[in-house]
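Report on the structure
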2 protein chains.
Amino acid sequence: MALYGAIEAGGTKFVLAVGEDPAQPREVVRIPTSNNPSETLGEVIRYFTRQRGLAGLGVASFGPLDFKDGTITNTPKLAWQGFPLRDTLQKALGLAVALETDVNAAALGEARCGAGRGVEDLVYITVGTGIGGGVLSGGKLVHGRMHSEIGHLLVGRAPDEDEQFEGVCPFHGDCLEGLASGPAMEQRWGEPADGLPEGHLAWLLEAEYLGRACVNLACVLSPRMIVLGGGVMTQGHLLPLIRRRVSELANGYLPLPDIVAPGCEYPALSGALALAMEAAA
Amino acid sequence: MALYGAIEAGGTKFVLAVGEDPAQPREVVRIPTSNNPSETLGEVIRYFTRQRGLAGLGVASFGPLDFKDGTITNTPKLAWQGFPLRDTLQKALGLAVALETDVNAAALGEARCGAGRGVEDLVYITVGTGIGGGVLSGGKLVHGRMHSEIGHLLVGRAPDEDEQFEGVCPFHGDCLEGLASGPAMEQRWGEPADGLPEGHLAWLLEAEYLGRACVNLACVLSPRMIVLGGGVMTQGHLLPLIRRRVSELANGYLPLPDIVAPGCEYPALSGALALAMEAAA
C-alpha cells in the first residue's frame, strides 16, 4: 500500500501526518505557525523528506484560499497572504499536492471514515475561535466562486439576546461567528465558554444560533448529516440542546439531518489523506 | 435533431412544451391543474401523444418531491399526494422521464441558456405566492436528502419590521417566505405587492430579507450567480435595492454572486428540456 502525507495548516499550528489509510493518520507532529512562511514550510518539507516513498500530499489549510493559484488570500497573518503554499510544497517534494480548506477536508474525512461513513451530503462545522464550515454535496466538495464561509451566515438575533451586545465579527458584527464563536461567548458573558456552567442562558443562546444555522443549511443543501466540532462543542451538553432547537425551529416541515459529534480523531488530516490519494491516482 | 417534451407542473396550472433545443421551448400550452390528477395527466398525455418522434420528457414539478418514487409528497393539494407522476407518464408515453423540482429545473435552464450561460454554480429563486429556490453546484443540481427549501431560510427580523406582524408561513411564521412572499407583503401592508409604490418602506424590507437570503446563499454555496424570478420580482426597482443591500451586508468580506433577473422566457421549461435530453442520452 502506498504512503500519503497530510497537513492541517492552521493560523497557530501546522499538524503533519502520514498514512496508508485516511482512517489512520500516524506519526502526527505539531509545529507552530511562524510569521515567516518559509521557516514553517522548511520544517514541513524536512518532515516529509524523511518519509520514504510518499505518493502524494493533501493540504487542509486555513483560508480564504485561491484554488487556482494555490495560495491563502486575505488572512490577517500578512506574511502568509499570497504565499505560494501549494507550489512550494510541490516543487520541494516532487509530489502531487491537493489543496483544500481545512473544513472541506474535515467534511470529507468525516464522510469517508468518521461519523458519516458513506454519506454523500454532509456539512462539517467547527465552533471555536472562529466558526467555519465545509460542505460535501452529492459526494463532491463545494467550491463555487471561492468556498463556503459558513461562519458568516446571518441568523438574526434571539429574543433573549442582550441588545447592547453588538457581536464580535469585525466585518458583520452579529453574524453567526459574531454571536456564537468562543470569543463572542467570552465577550458576551465576561468569561470563557468552558467556565460557563451547564444550564446557563449562554448555552441556550448558543443552541439558538447554531440551531438556526443548521436549519438554514438544511434549507439550502438538505444534507443527511451535520457534524459539529471545535473547542466550544467539547461541552457535551450543548449538542442535545442544538438538536432540540433545530427540531423546534423546523417544526416538522423539513427532513432534518442527523446532528452529531465528529467521529474522526483528526477529521481534517483524514480528509487530507483522502485528497492525497485522489491527487496521486 | 431529436424532439423532447417538457412539463412545468404547478399547483394551479401545467405548462407543456416541446423543443429540439432547451433555449427554444415551443408549442407552449397551459392547462389548469385539476383536483383529479388523472384528469390533468390525461390532457398532458394527449398533448404529447400528438407529437411525433418524441425522444424524452422532462418534468419540472411543484413539490416536495420524492425522487425515488417519482411522486409529490406533502402537498396541500391532497389528491396529488403520493400520485405516481413519473411512472404514469413513463408508462403512457413509453419515454425516459426525468423528474426534477420546478426551481432546480429553472436553475438548470438559466445556467444552460439564460442569464448564466455556462455558469456551474447558480441559484434560482422565485418570489411569488411562495418562495422557492433551486441550486446548481459544480454543474450538478443539489438534492441531498430531499431538495432545497430556500423559502424557509431563517433570516431574522429587520429592525424596521412591525413587531405585531408574525409572518404568514404556517410552519415557521417569520421565515423568508413568511416575511417576503407576495401574501406576506399583502398581509403586512393591506394591499398586494403590485399596488405598493416605488419608495414605499415595503420594498426596503423586501430588499432586506431577500438580501439576507442572498448573503446566506453566498456563505453556504459561494455561487457565481443568483437569478431572482417570480411575480414579486417583476417590480424592476426591487433588484437594484437587493444588490445594494447584499453589498452592504457582506461588507467586503465575501466574493459576491451576480444578482440578476431571469434570462429565459420559461426557465423551468428550458431546464426540463435539458433534463429530457440527458435522460434520453
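Now for a description of the structure that goes with this document. (Residues numbered from 1 in each chain as written. Chains lettered and ligands numbered in written order. Predicted model: local features only at pLDDT ≥ 70, side-chain atom pairs only at ≥ 80, totals over all residues. Heavy atoms only, no water.)

1. Comments concerning the interface of chain B and chain A
How big an interface is tends to be reported as the loss of accessible area on association of its parts. What counts, and what does not: Any two residues whose heavy atoms approach within 4.5 Å at even a single point are treated as in contact. Note: buried area is the sum, over both parts, of the accessible area (probe 1.4 Å) each one loses when the two are combined. By definition here, a salt bridge exists when the distance from a side-chain nitrogen of Lys or Arg to a carboxyl oxygen of Asp or Glu is within 4 Å. Only DSSP runs of H or I reaching four residues or more are called helices, and only runs of E reaching two or more are called strands; each is numbered from the N terminus. Residues are grouped as follows: Ala, Val, Leu, Ile, Met, Phe, Trp, Tyr, Cys and Pro are nonpolar; Asp, Glu, Lys and Arg are charged; all remaining types, including Gly, are polar.
Facing 37 residues of chain B, the contacting portion of chain A comprises 37 residues. Note on chain B versus chain A: buried area summed over both sides is about 3400 Å², and carbon and sulfur give 61% of it. On inspection of chain B and its partner chain A, the count reaches zero salt bridges. For the side of chain B that touches chain A, the secondary-structure elements that each account for two or more residues are β9 (131-137), α6 (201-221) and α7 (238-250) of chain B. The dominant element in the side of chain B that touches chain A, judged by the number of residues it contributes, is α6 of chain B, at seven residues. Grouping the constituent residues of the side of chain B that touches chain A by class yields 21 nonpolar, 11 polar and five charged.

2. Here we look at the relation of the copies chain B and chain A
To keep things clear, this is the line we draw: The copies are overlaid by a least-squares fit using only the C-alpha atoms of residues whose pLDDT is at least 70 in both copies.
Take chain B, turn it by 180°, move it 0.0 Å along the axis, and it overlays chain A with an RMSD of 0.0 Å. With respect to symmetry, the two chain copies, as superposed, fit the operation of a two-fold axis. Distance from the rotation axis, computed per C-alpha, reaches its smallest value in chain B at G156 of chain B: 1.9 Å. Of the interface residues in chain B, 100% have counterparts in chain A that sit at the interface too, so the contact is made through matching surfaces.

3. Observations regarding the packing of helix α6 (residues 201-221) of chain A against α6 of chain B
Which entries qualify depends on this criterion: What counts as an axis is a line fitted to C-alpha atoms, over the stretch in contact for a helix, and the angles between N-to-C directions run from 0 to 180 degrees. Reported orientations rely on four angle classes, namely roughly parallel under 35 degrees, roughly antiparallel over 145, roughly perpendicular from 65 to 115, and oblique for the rest.
At a minimum axis distance of 11 Å, the contact between α6 of chain A and α6 of chain B shows a crossing angle of 80°. The orientation of α6 of chain A relative to α6 of chain B falls into the category roughly perpendicular. When α6 of chain A is examined against α6 of chain B, the residues N216, L217, V220 and L221 of chain A are found in contact with a partner set consisting of N216, L217, V220 and L221 of chain B. Among the residues making up the contact of α6 of chain A with α6 of chain B, the classes are represented as six nonpolar, two polar and no charged.

4. Some details on the environment of F67 of chain B
Residues and elements named next belong to chain B. Mapped onto the secondary structure, F67 falls in the loop between β5 (65-66) and β6 (71-72). For the pair F67 and T101, spaced 34 residues apart in sequence, the C-alpha to C-alpha distance is 9.3 Å. Excluding residues that lie within four positions of it along the chain, F67 makes contacts with R86, L99, E100, T101, H143, M146 and H147.

5. Some details on unusual backbone geometry
Here G63 of chain A and P64 of chain A are connected by a cis peptide whose omega angle stands at 0°. Positive phi values are uncommon outside glycine, yet E27 of chain A reaches one of about 50°.

6. Points about α7 of chain B
Counting along an α-helix, one turn takes 3.6 residues, and residues three or four places apart therefore face a common direction. Residue and element names in this part refer to chain B. Put simply, the rule reads: To estimate how far a helix should reach, multiply one less than its number of residues by 1.5 Å. Burial status follows relative accessibility: with a 1.4 Å probe on protein chains alone, a residue under 20% of its type maximum counts as buried, one over 50% as exposed, and anything between as partly exposed. As used here, the arc belongs to the directions running from the helix axis to the C-beta atoms.
Across its 13 residues, α7 extends 18 Å between first and last C-alpha, which sits within 8% of the 18 Å expected from 1.5 Å per residue. If you check which residues of α7 are buried, you get L238, L239, L241, I242, V246, L249 and A250. One side of α7 carries all its buried residues, which in axial view fall inside an arc of 155°. Elements that come into contact with the buried residues of α7 comprise α6, β11 (225-229) and β12 (258-260). Positive phi shows up at N251, right after α7, with a value of about 55°.

7. Observations concerning the pairing of strand β7 (residues 97-101) of chain A
Regular strands have side chains that alternate between both faces of the sheet. Residues and elements named next belong to chain A. Inclusion rule: Note on pairing: DSSP must find at least two bridges between two strands before they are called paired.
Of all the five residues making up β7, five are buried; the element is thus mostly covered by neighbouring parts of the structure. Because side chains alternate across β7, one face comprises the buried residues V97, L99 and T101, and the other comprises A98 and E100, equally buried. Of the pairings in the sheet, the one linking strand β4 (residues 54-61) to β7 comprises five bridges and is parallel in character. Residue G58 lies in a different strand from β7, and its bridge partner there is A98.

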